[in-house]
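Residue-level structural notes
Listed here are the chains, written in short residue letters.
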Amino acid sequence: MKMKWVLFTMFLTVATVLSGCEPLLVLDPKGPQAEAQAHDIMFSIWMMSGVVIVVFAILIFILIKYRASKQSEDYEPPHIEGNHIVEAICVGIPIIIVVILSIVSVRSNYEVEAIPVKYEDQKPLVVYASSSNWKWHFSYPEENIETVNYLYIPANRPIEFRLYSYGPITSFWIPQLGGQKYAMSDMVTTLFLAADGEGEYDGRNANFSGAGFAQNTFQVTSMSQANFDDWVKEVHETAKPLTKEKFEELLKPGHLGRSTYNGTHLEFSPAPEHHGMSDMSDMPGMSDSHNQESHEESEHSHH
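Residues numbered from 1 in each chain as written. Predicted model: local features only at pLDDT ≥ 70, side-chain atom pairs only at ≥ 80, totals over all residues. Heavy atoms only, no water.

Turning our attention to the overall build of the protein chain. Along its length, the protein chain carries six helices and 12 strands. By residue count, 37% of the 303 residues in the protein chain fall in the buried class. Within the protein chain, residue pairs in contact and separated by at least 24 positions form 71% of the contacts whose partners lie at least 6 positions apart. Element-wise, carbon and sulfur atoms account for 62% of the exposed surface of the protein chain, whose accessible area totals about 18,100 Å². (Helix = DSSP H or I, 4+ residues; strand = E, 2+ residues; numbered from the N terminus. Buried < 20%, exposed > 50% of the residue type's maximum accessible area, 1.4 Å probe, protein only. Contact = heavy atoms within 4.5 Å. Areas by Shrake-Rupley, 256 points an atom, 1.4 Å probe, with all protein chains shown as cover.)

As structure tokens, then:
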């Protein structure tokens, strides 16, 4: 009886604490890529929970049914050979679970690597996202502006992030818009995201990269296309130009607040060779014309 009350008290305490918690960001998606990943996470959780419940139920049954009895000390249980049915269940069920999770994971990987669902017919906004110790630099080659530690994007439009690093390997992650992807110093990797509505989202480096890793964060704001265009126009009218000397100063290790510049560092410090686009021609939603267009934009940025 005491054990029942202990378990009930523990359950009530956990339920009370969790009821006051905000939802996990990865389970509060604001874009199609993040929504697909949230569904996969919940599917995996429910499947693993089912396995745990069944295993514990069998364990409790075994403990009760075969608990210590008043047999004599010299009692020896009868010898039992292997049971083919039990062995098939023990081996077959894990194989089925692995196959199901593998199918879900492969399908999801193809889905999140392509242009987000519902946005295949739109031209993505290209943003070069580069990291340094311990800052994020966002270059808009088409708009010819650059920001540090904050990102403005139009809602309901696909964003094509081209990721690389001016220091150690980092991981670009906006939990409510999609999964993380590595940014490396010798190549550009591509990540497609989209926000289904206006709002503010937290972004960060999800890969340990030294002493300032914890503050290697940025803020994302999605807005209407009209507001985004107004912001671009305002930047051109008010922001100072980004010079090579200023950019080299920004690359020095340390933390900075937000800053905005007219022009991008791509003019004097182009991104590394662009990898990954040719490999994505097989992805759903990726057309040959888009691949060629992205390649031409990348070449234009390098010159």
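Having seen the structure, we can now continue with the description.
Attention now moves to the pattern of salt bridges. Inspection of the entire model under this criterion finds six salt bridges. For Glu160, the salt bridge goes to Arg162, with nearest N and O atoms at 2.9 Å. Taking the relative accessible area as the measure of exposure, Arg162 reaches 0% and is therefore buried. (Salt bridge = Lys/Arg side-chain N within 4 Å of Asp/Glu carboxyl O.)

According to the stated counting rule, one finds 18 aromatic pairs in the structure shown. Taking the centre distance of 5.4 Å and the plane angle of 75 degrees together, the rings of Trp136 and Phe172 count as edge-to-face. Highlighted residues: Trp136 in strand 2 (residues 135-140) and Phe172 in strand 6 (residues 170-173), separated in sequence by 36 residues. Accessibility classification places Trp136 together with Phe172 in one group, the buried group. Plain terms: the ring middles of Tyr152 and Trp231 are 4.8 Å apart, the flat faces sit at 55 degrees to each other, and that makes the pair tilted. Of the two residues, Tyr152 sits in strand 4 (residues 150-154) while Trp231 sits in helix 4 (residues 225-238), which places them 79 residues apart along the sequence. The residues Tyr152 and Trp231 share a single accessibility class, namely buried. One aromatic cluster is present, built from ring pairs that chain together Tyr128, Tyr164, Tyr166, Phe247 and Phe268. (Phe/Tyr/Trp six-rings, centres within 6.5 Å; stacked < 30°, edge-to-face > 60°.)

The next subject is the side chain of Thr189. With respect to the secondary-structure elements, Thr189 resides in strand 8 (residues 189-193). Residue classification places Thr189 among the buried residues on the basis of a relative accessible area of 10%. Within the structure, the side chain of Thr189 is placed 2.7 Å from the backbone oxygen of Tyr182, a separation counted as a polar contact. Dropping the residues within four chain positions of it, Thr189 is found in contact with Phe161, Arg162, Leu163, Lys181, Tyr182 and Met184. (Polar contact = N/O pair within 3.5 Å; in protein donor to acceptor, adjacent residues only side chain to side chain.)

Core analysis: the biggest nonpolar cluster contains 30 residues, and Phe138, Tyr140, Leu151, Phe161, Phe172, Ile174 and Trp231 have the highest contact counts within it. Ignoring anything within four residues of it in the chain, the contact list for Trp231 reads Tyr140, Ile145, Thr147, Tyr150 and Tyr152. (Core = buried A, V, L, I, M, F, W, Y, C linked by side-chain atoms within 4.5 Å.)

So, about the sheet that holds strand 6. Overall, mixed pairing links the five strands, which are arranged 4-10-9-6-7 in an open sheet. Where the open sheet ends on each side, the last strands, each with one partner, are strand 4 and strand 7 (181-183). For this sheet, the mean inter-axis angle between neighbouring strands, taken without regard to orientation, is 25 degrees. The sheet contact formed by strand 9 (residues 199-205) and strand 10 (residues 217-223) spans six bridges and is antiparallel. Residue pairing across strands places Gly203 opposite Phe218, the latter belonging to strand 10. Running over the sheet, helix 4 touches strand 4 and strand 10 and is turned about 130 degrees from strand 4. (Pairing = 2+ DSSP bridges. Axes fitted to C-alpha atoms, helices over the stretch in contact; angles between N-to-C directions.)

Compared with the 44 Å implied by 1.5 Å per residue over 30 residues, the 43 Å span of helix 3 (residues 84-113) between its first and last C-alpha is a close match. The elements touched by buried residues of helix 3 are helix 2 (32-65) and strand 8. Where helix 3 begins, the capping side chain belongs to Asn83, and its oxygen is found 2.9 Å from the backbone nitrogen of Ile85. (Expected span 1.5 Å × (residues − 1).)

This brings us to helix 2. The terminal C-alpha atoms of helix 2, which comprises 34 residues, lie 49 Å apart, in line with the 50 Å expected from a rise of 1.5 Å per residue. Buried residues of helix 2: Pro32, Gln33, Ala34, Ala36, Ala38, Asp40 and Met47, and no others. On its buried face, helix 2 sits against helix 3 and strand 8.

The predicted model of the protein chain averages 85 in pLDDT, with 83% of residues at 70 or higher. Considering each helix and strand of the protein chain separately, the mean pLDDT is smallest for helix 6 (residues 288-302), with a value of 42, and largest for strand 3 (residues 145-148), with 98. Overall, residues 276-303 carries pLDDT values under 50, and its contacts beyond four positions in sequence, including any with other chains, amount to 45 contacts. (pLDDT = per-residue confidence, 0-100.)

A contiguous patch of negative charge on the surface is contributed by Asp229, Asp230, Glu234 and Glu237. Looking at where Glu234 falls in the secondary structure, it is placed in helix 4. For Glu234, a relative accessible area of 47% gives the class partly exposed. (Patch = residues over 30% accessible without salt bridge, like charges linked within 9 Å, V, L, I, M, F, W, Y side chains within 5 Å. Lys, Arg positive; Asp, Glu negative; His and termini not counted. Charge placed at Lys NZ, Arg CZ, Asp CG, Glu CD.)

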